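Residues per chain, in single letters:
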Amino acid sequence: MNDVSQDEETPAPAVAGDVIGTAPRPIDPEIARRVVRKIDTFLMPAMVIGYGLVYYDKAILGSAALFGMTTDLQLAVVDPVTGKTDTSRLSWATSIFYFGQLVGSYPMTYALQHFNTRFILGPAVMLWALICAATAGVSTWQGLLVQRFFLGFTESIVPTAFMTIVSGYYTQPEQSLRQTFWFSGTGWFTIIGGGLNYGFAQITSGALRPWQYIYVLAGALTFLFGMWSFALPNSPLDAWFLTPEERVVAVERLRAGQTGVRNQKIKAAQIKEALGDSKVWLVALIMGTAYTVNGAVSGFGPLIVSTFGYTPLESILFQFPLGAISAVGMTLTGWLCSHRHNLRIPTLILCCLPVIAGYVLIWRSSWTHRPVAPVAGYSLLGFFGPVVGQAVSLGASNVAGETKKSFTAAAVFVAYCVGNIVGPQLVRSETKAEHYPGLWTGLIVFYVVTILAASALYVVLFRENRRRERLELDEREKDSSAFKDLTDIENPYFRYVL
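Right, let's walk through the structure included here. Note that the coordinates shown come from a computational prediction; the quantities given were computed from them, not determined experimentally.

What counts, and where the lines are drawn
- Residues numbered from 1 in each chain as written.
- Predicted model: local features only at pLDDT ≥ 70, side-chain atom pairs only at ≥ 80, totals over all residues.
- Heavy atoms only, no water.
- Helix = DSSP H or I, 4+ residues; strand = E, 2+ residues; numbered from the N terminus.
- Contact = heavy atoms within 4.5 Å.
- Buried < 20%, exposed > 50% of the residue type's maximum accessible area, 1.4 Å probe, protein only.
- Phe/Tyr/Trp six-rings, centres within 6.5 Å; stacked < 30°, edge-to-face > 60°.
- Lys NZ or Arg CZ within 6 Å of the ring centre and 35° of its normal.
- Expected span 1.5 Å × (residues − 1).
- Core = buried A, V, L, I, M, F, W, Y, C linked by side-chain atoms within 4.5 Å.
- Axes fitted to C-alpha atoms, helices over the stretch in contact; angles between N-to-C directions.
- Parallel < 35°, antiparallel > 145°, perpendicular 65-115°, else oblique.
- Left-handed = near helix turned anticlockwise from the far one by under 90°.
- Nonpolar A, V, L, I, M, F, W, Y, C, P; charged D, E, K, R; others polar.
- Salt bridge = Lys/Arg side-chain N within 4 Å of Asp/Glu carboxyl O.

In this section: the overall build of the protein. Across its full length, the protein carries 22 helices and two strands. A fraction of 84% describes how many contacts in the protein between residues 6 or more apart in sequence connect residues 24 or more apart.

Here you go:
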C-alpha cells in the first residue's frame, strides 16, 4: 500500500486541481518543447541580468576602492606610528551588506510565498535600485555601513525568489542548467561590470567622482530590472505569455518530478520537517563554506591584484578571466548535469580542486613586480562559480512542498550570507607582506569542508533513493500525488538527484 500521508486540510491548490486534475494527461512533445522555449525566453535572460546586478552592486565596492572611495570615505586608515594601513572599515563595509541579507532572507521569503510574486518582487527591486543609486550621496564610512545594510536587506529577496521560480517552472532534469544559468550572472557581470568600471574610471572631470557615477549607473540598470519584475506571473498556471493549452502542458510536465506547483499557504509542518532534515543543512553548509571566497574576492580582489604592482585599471581588467571561468563554467556544468544523470555532486567536488589550487598558487608563489603566477591563481578562483551553482541546483531540485522549498531556499541563502560575512574578515592588511596567510589558510579549510559535506550529502541521498526503490508502491497512485503539496519526505515517489 502507498504510505503517502494525506493531509485533509492542505489539498492541492484549487486552481491546479481545476486545470489539470489528478489523472495524467498525454502531452504533445512539440507543444512541450514550445512551452519550454517560451518559459526560457521570458525568464532566463532577465534572471541572468537580475542576478548579475545583485552581484555587480556588491562587487563595485572592490573597484570603487581603487578610484577614490577608500580615501573619500576614510575606509582605510594609516597608523601614524607603524605606517601600516588598516582596512577593517572596508572589511565591514563588505560584510555588513550580508548582515542585511541575513536579516531580510526569511521575512522576504515569507512575503514572497504568501503574496503574488510581482507585488513583492517588483517593489523590492525598485527600492533596491534607489538605495543603490543613493550610495553616490554617502559622504562618511558610517553612512556607507548603514546604506549597505539596507541594500542587502532589499536584495535578499532576489536569490530565494529565483531559486523557487525555477523549481516551479522546470522539471528536475531541466533545473540544473537553469539554476546555474541565472546564477552565472555573477560571472558575466564580473566581465560586463569590469568593463563599465574601466570606462567610468577614465572620467577625470565632472560633478561626481568616478565611483559615484558607477553606483548611479548600477541603480538605473536595477530600476529597469524592477520593471520586468512586475510582469512576472505567479506560477505556470497564470503565465500570461502562454496560451491556455500551453499552461496545462506547463503544469503537466511537472507531474513526473513530484515537486508540485506554487501554493501560497504557509504550512508549519513543512517548516518543522525542514528544520530536522539533514539534507537541507548539508546543502546550506556547502553553500556557506563555498561562498567564503566570494566575500573576500568581491571586496578585496582588485585591491589584492593591485598589490602585485599592477595599476588600478589593470587590476580591473584581471577580473575578466575570473568572470569568464565562472560564467562559462557554471553554464557548461549546468548543461552537463542536465544531460547526464546524477553528476551534480561529483561535478561540485571536482570543481573545488582548481579553487584550492588557486589559493595555494596565490599564497605560495613569488609576489615580485607584476608577477604571472599569482594572477593565474586568482583566475582559477572563478571555478567557485560552478561549485555554488551546483549547490543551488541541489537545494532546489531535492526538496518538495512549497513551504519547505521556500524555507530551504532561505536557509541556503542565509548560509550564503554567513560565508560572505566571514570571507572579508579573513583579510588582514597587516599580513600583506606575508601574502595574507590567514586568508588563504582559512579559505582552503573551508573548501575541504565543502568537499566533505558534499560527499556526505551524496551518501545520504544515494541511500535514501535505494531505500525507496525497495518499497512496494502502487504506481497508479504516483500521478495523483504530484500536486498535493507533499514534501519530498512525505512522498515516497519522490527521487533525489545526486
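Let us now look at the environment of arginine 148. If you trace the backbone, arginine 148 turns up in helix 6 (residues 141–155). Note on arginine 148: relative accessible area 1%, which makes it buried. When near neighbours in sequence (up to four residues on either side) are disregarded, arginine 148 contacts Asp57, Lys58, Leu61, Ala93, Thr94, Ile96, Phe97 and Tyr215.

Our next topic: the packing of aromatic side chains. A full pass over the atoms with the stated rule returns 26 aromatic pairs. Between phenylalanine 162 and phenylalanine 225, the aromatic rings sit 6.2 Å apart at their centres with planes inclined by 90°, giving edge-to-face as the arrangement. Highlighted residues: phenylalanine 162 in helix 7 (residues 157–169) and phenylalanine 225 in helix 10 (residues 210–229), separated in sequence by 63 residues. For the residue pair phenylalanine 162 and phenylalanine 225, the accessibility class agrees, reading buried in each case. Note on phenylalanine 413 and tyrosine 416: the rings are 5.3 Å apart at their centroids and 65° apart in plane angle, and the pair reads as edge-to-face. Within this pair, phenylalanine 413 and its partner tyrosine 416 are both found in helix 20 (residues 402–425), separated by three residues, close to a single helical turn. Taken individually, phenylalanine 413 and tyrosine 416 each receive the classification buried, so the pair is uniform in this respect. Of note, arginine 118 hangs over the ring of phenylalanine 119, and the distance from its end group to the ring centre comes to 5.8 Å. Positioned over the ring face of tryptophan 363 is arginine 364, at 5.1 Å from the centre of the ring.

The end-to-end C-alpha separation of helix 20 is 35 Å, in line with the 34 Å expected for 24 residues at 1.5 Å each. Helix 20 sits mainly inside the fold: 22 of its 24 residues count as buried.

This part covers the nonpolar core. What tends to happen in soluble globular proteins is that the nonpolar side chains get buried as a cluster. The biggest cluster of nonpolar side chains holds 121 residues, and the ones touching the most others in it are Leu43, Tyr51, Trp182, Phe183, Met287, Phe413 and Tyr447. Ranked by the residues each element gives to this core, the list is headed by helix 2 (residues 29–64), at 15 residues. Excluding residues within four positions of it along the chain, leucine 43 makes contact with Ile165, Tyr169, Tyr170, Trp228 and Leu232.

This next bit is on the packing of helix 16 (residues 319–339) against helix 19 (residues 384–397). Where helix 16 meets helix 19, the closest approach of the two axes is 7 Å, and the angle between their N-to-C directions is 40°. When the axis of helix 16 is compared with that of helix 19, the two are oblique. Where helix 16 crosses over helix 19, the handedness of that crossing is right-handed. Residues Ser326, Gly329, Met330, Thr333, Gly334 and Cys337 of helix 16 pack against Gly385, Pro386, Gly389 and Gln390 of helix 19. Among the residues forming the contact of helix 16 with helix 19, the class breakdown is three nonpolar, seven polar and no charged.

Let us look at the pattern of salt bridges. Tallying each qualifying case throughout the model produces 14 salt bridges. We note a salt bridge from aspartate 277 to lysine 279, for which the minimum N-O separation is 3.0 Å. When the shortest N-O distance is used, the salt bridge between aspartate 488 and lysine 404 registers 3.0 Å. Note that aspartate 488 is positioned in the segment after helix 22 (478–481) and lysine 404 in helix 20, a separation of 84 residues in sequence. Each of the two residues, aspartate 488 as well as lysine 404, counts as buried. A cluster of three or more residues bridged by salt bridges with shared partners is formed by Glu273, Asp277, Lys279, Lys404 and Asp488.

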